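# Tertiary structure, described
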Amino acid sequence: MSNDTLYRTPVFSARIRVSSAVSTQLCSEFGPGSFTAKDRKDLLIHCDRHCDDYEQEVAHLQSQLLYIRQQQKRLKNHEATLRSQNSPVRKIPNAILEIIFNLACERNLLQEYPWRNATQSPPTTISSPMASLPALSIASTCSRWRKVAMSTPSLWSRLRLEVISGIHLSHHDPFIHAVMLHLRRAQKCPLDIDLYVAGKIRSTCATILILTSVASDWKAFKYDGDLGFWVLFSTRLESPSSRTGRELLQFR
């Protein structure tokens, strides 16, 4: 890191010296020897010009202050980065980190947010959509953890989905986007899915369409909700007798 020198600008000096003697003279003198109208006009013109100089100097100093504060912030961030180099966690090999992350990511909870069902409360209370997403939290910590998380598909393969029937979400909805993100990062890792659906299922929703599209990757599937769900699912599963069939489905 190069040594930055903080250059200080010269102290601003006023061009017009305002003194009490001049003010007294302006207010008290009269007659031929006093200030003429032209003298006063010239003084006013000078005052206006130098007031503009003051405004420019104030703007310059404010700009300098902003620059100094930005440099101070950069220095503090750099100091924090240097201190983090001494963290014991940096000595842990990536293979060990992967094991720790897998233990921490027991399940990723994705819940429709906000919960738009007035008659049935969500089974899990969360403070925000990110509160129970350990894989995303780990991947957002630092570049090294993100690299480990992105190369560990099992972190993204264990999902708990809590949705509302009758709410038709587009593929651009944040919830659907989050589901597809986890499935994409899980790659071909066997999926462990726990699905909860509030209310009566009358039509196929986007969540069901997405889950059945990756049915060949199911390792285990648990469902809690309306039993009419199986009718919709059975029509979409390609092979109910395969490993993605009934033996992997658990209903609560």
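Computed from a predicted model, the values in this text were never measured in an experiment.

## A word on the packing of aromatic side chains
- A full pass over the atoms with the stated rule returns two aromatic pairs.
- Measuring from centroid to centroid gives 4.5 Å for Trp218 and Phe221, while their planes differ by 25 degrees, and the two rings are stacked.
- Judged by its relative accessible area of 0%, Trp218 falls in the buried class.
- Between the NZ or CZ atom of Arg185 and the centre of the ring of Trp156, over which it lies, the distance is 4.8 Å.

## Observations concerning helix H7 (residues 206-213)
- Extensive coverage of H7 is indicated by the burial of six of its eight residues.
- Among all positions in H7, only Ala206, Thr207, Ile208, Ile210, Leu211 and Thr212 are buried.

## Focus: the confidence of the model for the protein chain
- When the pLDDT values of the protein chain are averaged, the result is 78; 71% of them are 70 or greater.
- This stretch, residues 239-249, has a pLDDT under 50; its non-local contacts, to residues over four places away or in other chains, come to 24 contacts.

## As for the nonpolar core
- Leu110, Trp156, Leu161, Leu195 and Trp218 are the most contacted members of the largest nonpolar core, which has 35 residues in total.
- Put simply, the parts of the chain that give this core at least two residues each are helix H3 (94-104), helix H4 (134-139), helix H5 (143-150), strand S2 (158-164), helix H6 (174-186), strand S3 (191-198), H7 and strand S4 (218-224).
- Here this core gets seven residues from one element, more than from any other, and that element is H6.
- Aside from chain neighbours lying at most four places away, what touches Leu161 is Leu110, Val179, Ile193, Asp194, Leu195, Tyr196, Thr207 and Leu211.

## So, the pairing of S2
- With seven of seven residues buried, S2 is to be regarded as a mostly interior element.
- Neither face of S2 is open: one carries Arg158, Arg160, Glu162 and Ile164, the other Leu159, Leu161 and Val163, and all of them are buried.
- Of the strand pairs in this sheet, strand S1 (residues 108-111) and S2 are connected by four bridges, and their pairing is parallel. Bridging from a neighbouring strand, Gln111 pairs with Glu162 of S2.
- As defined by bridge partners, S2 adjoins S3 across seven bridges and the pair is classed as parallel. Note on S3: the bridge partner recorded for Arg160 is Asp194.

Here is what the cut-offs are and how they apply
- Residues numbered from 1 in each chain as written.
- Predicted model: local features only at pLDDT ≥ 70, side-chain atom pairs only at ≥ 80, totals over all residues.
- Heavy atoms only, no water.
- Phe/Tyr/Trp six-rings, centres within 6.5 Å; stacked < 30°, edge-to-face > 60°.
- Buried < 20%, exposed > 50% of the residue type's maximum accessible area, 1.4 Å probe, protein only.
- Lys NZ or Arg CZ within 6 Å of the ring centre and 35° of its normal.
- Helix = DSSP H or I, 4+ residues; strand = E, 2+ residues; numbered from the N terminus.
- pLDDT = per-residue confidence, 0-100.
- Contact = heavy atoms within 4.5 Å.
- Core = buried A, V, L, I, M, F, W, Y, C linked by side-chain atoms within 4.5 Å.
- Pairing = 2+ DSSP bridges.

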